[in-house]
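Tertiary structure, described
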Protein chains: 2
Amino acid sequence: MTAIGYVHGYSDQEARRLGDQADALAELLHHGTAYPPGSRVLEIGCGVGAQTVHLAANSPGAHLAAVDVSEASLARARARVAAQVSGADVAWHRADLFELPFPDAAFDHLFVCFVLEHLPDPHKALAALRRVLRPGGTVTVIEGDHDSAFFHPHSAYARAAIGGLKRLQADAGGNALIGRELQPLLSDAGFHDVTVRPRTVYVDRTRPALVEDFIRNTFIAMVVSVREDALAAGVSTAADWDRGIADLHRTAAADGTFHYTFFKAVAINPLSAQRR
Amino acid sequence: MTAIGYVHGYSDQEARRLGDQADALAELLHHGTAYPPGSRVLEIGCGVGAQTVHLAANSPGAHLAAVDVSEASLARARARVAAQVSGADVAWHRADLFELPFPDAAFDHLFVCFVLEHLPDPHKALAALRRVLRPGGTVTVIEGDHDSAFFHPHSAYARAAIGGLKRLQADAGGNALIGRELQPLLSDAGFHDVTVRPRTVYVDRTRPALVEDFIRNTFIAMVVSVREDALAAGVSTAADWDRGIADLHRTAAADGTFHYTFFKAVAINPLSAQRR
C-alpha cells in the first residue's frame, strides 16, 4: 500500500498463499462483517483480492471499491473476484492510501485487513482513511500478532525463524505485532466505540483441514516466503532456519498443536459534534 | 496435589488471588460445564475451592466430591462453598491423586483445573484419574499457557519476569506451557473424542472489570507471588524483576492491552470394547 516493500513479495506462490489463507480463515475473520445493500464500502490494500471475494460474497448489493498500490495485484484481484463471485460490484483503483482519489466522506464503511502491519506510520494512515469515511460510518481492521504463535512441540529454532520474519518486517517499516495495538491506535486516531476482539485459530489433529490450510499453507508458507531475505539479512544461518521450518512442520503431525490470534476491530467515525 | 511444591505457595494472599481469578474468569472457563442432577462428579486438586463454588453453583443436584492434598486448603474450600453456595452437596477428601480412596469407575465425570501444570508426570496422573471414571464418563481439563501472555506496551523486562515464573515452575517439576499439550496428553492417556478449545482473555480499556480482576489481581498477582523465590533462585535481579512488574502494571493503563489463552479440553473414557 505504500512505497515500503511488502515483506512477503509478489510471486505466484505468494498470491496462492494469500488465497489459501483467506479461504481457510474466511469464516473466522469475516464472521460479523456484512454491509447492507446500497452501502458504499472501501477496501484498502486489497492486494490480490484474497479478502475482496469474501467481502463481495457476504455483502450482495453493496457497492465495493478496492484500492491497492500495485497494478499487478489489482489485475489478479479483478480476475479472482470475477471468477468467484458472480454479480459482484467492485470498482478497482490504483492509489496510495495517503493520496486517495475520493472526496471527503465518500464511503459508509472501510475495511482494512493485513495492511497496517506493513506501514511505518499506522496512526497517520488511519487519519488519512478517516477523511474518506462519512461521520457515523464504521471502520473494520483485522491484523495478526506473530507473538501469538505458539505450538507443540515447542522449538527454539521455530521461534527464531518467526523472530527473523518479525525483524525483516520491522526493518521494512512494519510491525508484525500490531494486533495487540489496535485498540489504542484506533482510539488515538479519533474513532469512537472501538471494539476489539481476538479471533483465535487453534489447530490439532481433530481439525485436519486447518492443519493443511492454516499450519502448512498459511503460517509456514508465510515464514518460508522470506527465507532468502532472512539469510541475506543475516537473521539466521541456513541450517538454523531450515531446522526452524522443519520444526514448524513437526507441529502439523498427529500429536502437534498450533495457536495463533488475529484481532478484529470495529469502530465508528464520530459525528462532528462528538469529535474531540 | 503431590509432594511437589505448589509454586505459588499457600498464603492468605494467594488464597485471595485464586478466588479473584476464579470469579473473574468463571464465565469464560466454566461456560458449557454443567452436570446433571444425580451425577457423581470428582474435582481433582480443588485447592481453596476457587473453582468448586462454580461447579456447585452450575450443577445443582450433582453429587460433588473434591480432593486435595492439603488439609488447610480443604478447610478453606469447605468454608468458601458453605458461604457462597447454599445447599451444595460436596464430599471433601484429603488424598494424593495417585492414591485416590475410591473404587474403579466411581464417578460419572472428572473436573481438573490448573492441576496438571504442577505435576511432573501429567500422563501418569491422567491414567490414575481414568481408573475412577466410569466408561462413557467425561473428563474436563482446564489449563493455561504462559507463552500466550502478550501485551501492549511490549516489555522485555515483563517477559523476563514471566520467564522466571515459567522456570521456577519447571524447576518444581511442573510445566507452565501445558495448555497447548492437552490434546496429545489426553489422547495418549487413552481418552476418546478429545476436544480442546482456546478460551481467550483479551483486555483493554473497554473492559475495566477485567483490567482490575484479570491483569492486576490474577496475572500480575500470580507473577508477584513468586518474587522472593525468583530472586533466591537467581532467575532475576531485584531491579530487573521490579521493572518487569512495573511494566506489567503499565499494560493496565488506558492505552494498554493484555492477551492470555486458557485451554479447555473435554474427552470421554471409552467403553472397554473401544479401548486400544
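You'll find the structure just up there.
Description of the structure in this document. (Residues numbered from 1 in each chain as written. Chains lettered and ligands numbered in written order. Predicted model: local features only at pLDDT ≥ 70, side-chain atom pairs only at ≥ 80, totals over all residues. Heavy atoms only, no water.)

Below, the discussion takes up the relation of the copies chain B and chain A. It takes a turn of 180 degrees to lay chain B on chain A, together with a shift of 0.0 Å along the axis; the resulting RMSD is 0.0 Å. These values place the two chain copies in the arrangement generated by a two-fold rotation axis. Measuring from the rotation axis to each C-alpha of chain B, the shortest distance belongs to Ser148 of chain B, at 3.1 Å. The overlap is high: 100% of the interface residues of chain B also sit at the interface in chain A, so the same surface is used on both sides. (Least-squares fit on C-alpha atoms with pLDDT ≥ 70 in both. Contact = heavy atoms within 4.5 Å.)

Bringing the interface of chain B and chain A into the picture now. At the junction of the two partners, chain B supplies 29 residues and chain A supplies 29 residues. Of the roughly 2500 Å² buried between chain B and chain A on both sides combined, carbon and sulfur atoms contribute 56%. Sorting the residues of chain B by area buried against chain A places Phe150, Arg180 and Tyr202 of chain B first, and these three jointly supply 25% of that buried surface. Joining chain B to chain A, the criterion identifies two salt bridges. For Asp147 of chain A, the salt bridge identified is with Arg159 of chain B, shortest N-O distance 3.9 Å. Taken together, the links from chain B to chain A amount to nine residue pairs in polar contact (both at pLDDT 80 or more). Looking at the side of chain B that touches chain A, the elements that each hand over two or more residues are strand E6 (150-152), helix H6 (182-188), strand E7 (192-203) and strand E8 (257-268) of chain B. Ranked by residue count, the leading element in the side of chain B that touches chain A is E7 of chain B, at six residues. Classifying every residue of the side of chain B that touches chain A gives eight nonpolar, 10 polar and 11 charged. (Buried area = accessible area lost by both parts, 1.4 Å probe. Salt bridge = Lys/Arg side-chain N within 4 Å of Asp/Glu carboxyl O. Polar contact = N/O pair within 3.5 Å; in protein donor to acceptor, adjacent residues only side chain to side chain. Helix = DSSP H or I, 4+ residues; strand = E, 2+ residues; numbered from the N terminus. Nonpolar A, V, L, I, M, F, W, Y, C, P; charged D, E, K, R; others polar.)

Residues and elements named next belong to chain A. Here helix H5 (residues 156-171) contains 16 residues, and its C-alpha end-to-end distance of 22 Å stays within 8% of the 22 Å for a straight helix at 1.5 Å per residue. If you check which residues of H5 are buried, you get Ala158, Ala161, Ile162, Gly164, Leu165, Leu168 and Gln169. Projected down its long axis, H5 shows its buried positions confined to an angular sector of 145 degrees, all on one face. Exposed and oriented more than 90 degrees from the buried face of H5 are Ala156 and Asp171. Close packing links the buried residues of H5 with strand E6 (150-152), helix H7 (208-224), helix H8 (227-232) and helix H9 (238-250). Of the residues trailing H5, Gly173 is marked for its positive phi of about 95 degrees. (Expected span 1.5 Å × (residues − 1). Buried < 20%, exposed > 50% of the residue type's maximum accessible area, 1.4 Å probe, protein only. Arc of directions from axis to C-beta.)

All names here are of chain A. Along its 14 residues, helix H3 (residues 71-84) runs 20 Å from first to last C-alpha, staying within 8% of the 20 Å computed at 1.5 Å per residue. Taken as a whole, H3 has its buried residues at Ser73, Leu74, Ala77, Arg80 and Val81. The buried residues of H3 occupy an angular sector of 125 degrees when the element is viewed end-on, so they sit on one face. Turned more than 90 degrees away from the buried face of H3 sit Glu71, Ala72, Ala82 and Ala83, all of them exposed.

Turning our eyes to something else, we now look at the pattern of salt bridges. Using the criterion set out here, one finds 26 salt bridges over all chains in the structure. As a salt-bridge pair, Arg216 of chain A and Glu212 of chain A come within 2.7 Å of each other at their nearest N and O atoms. Of the two residues, Arg216 of chain A and Glu212 of chain A are both situated in helix H7; the distance of four residues between them amounts to about one turn of the helix. Put simply, Arg134 of chain B and Asp108 of chain B hold a salt bridge, and the shortest N to O gap is 2.6 Å. Residue Arg134 of chain B is located in strand E5 (residues 133-144), and its partner Asp108 of chain B is located in strand E4 (residues 107-113); the two are separated by 26 residues in the primary sequence. Looking at Arg134 of chain B, the relative accessible area reads 28%, which means it is partly exposed.

Scanning all chains against the criterion turns up 22 aromatic pairs over all chains. Centroid distance Phe214 of chain A to Phe258 of chain A: 6.0 Å. Interplanar angle 70 degrees. Geometry classified as edge-to-face. Of this pair, Phe214 of chain A sits in helix H7 while Phe258 of chain A sits in strand E8 (residues 257-268); the two residues are 44 residues apart in sequence, bridging distant segments of the chain. We note that Phe214 of chain A, like Phe258 of chain A, is buried. Summarising the aromatic geometry, the rings of Phe214 of chain B and Phe262 of chain B are spaced 6.3 Å apart at their centres and angled 80 degrees between planes, so their arrangement reads as edge-to-face. One end of the pair, Phe214 of chain B, is in helix H7 (residues 208-224); the other, Phe262 of chain B, is in strand E8, and 48 residues separate them in sequence. Since its relative accessible area comes to 1%, Phe214 of chain B is described here as buried. Classification of Phe262 of chain B as buried rests on a relative accessible area of 5%. Taken together through their ring pairs, the aromatic side chains of Phe114, Phe151, Phe214, Phe219, Phe258, Tyr260 and Phe262 of chain A make up a single cluster. The ring of Phe98 of chain A has Lys124 of chain A lying over it, and the distance from NZ or CZ to the ring centre is 4.9 Å. (Phe/Tyr/Trp six-rings, centres within 6.5 Å; stacked < 30°, edge-to-face > 60°. Lys NZ or Arg CZ within 6 Å of the ring centre and 35° of its normal.)

A separate point is the environment of Val194 of chain A. Tracing the backbone through its elements, the reader meets Val194 of chain A in strand E7 (residues 192-203). Classification of Val194 of chain A by relative accessible area gives buried; the value is 6%. Sequence separation of Val194 of chain A and Ile142 of chain A is 52 residues, and the distance between their C-alpha atoms is 13 Å. Look past the residues within four positions of Val194 of chain A in its chain and what remains in contact with it is Gln183, Leu186, Ser187, Val266 and Ala267 of chain A together with Thr206 of chain B.

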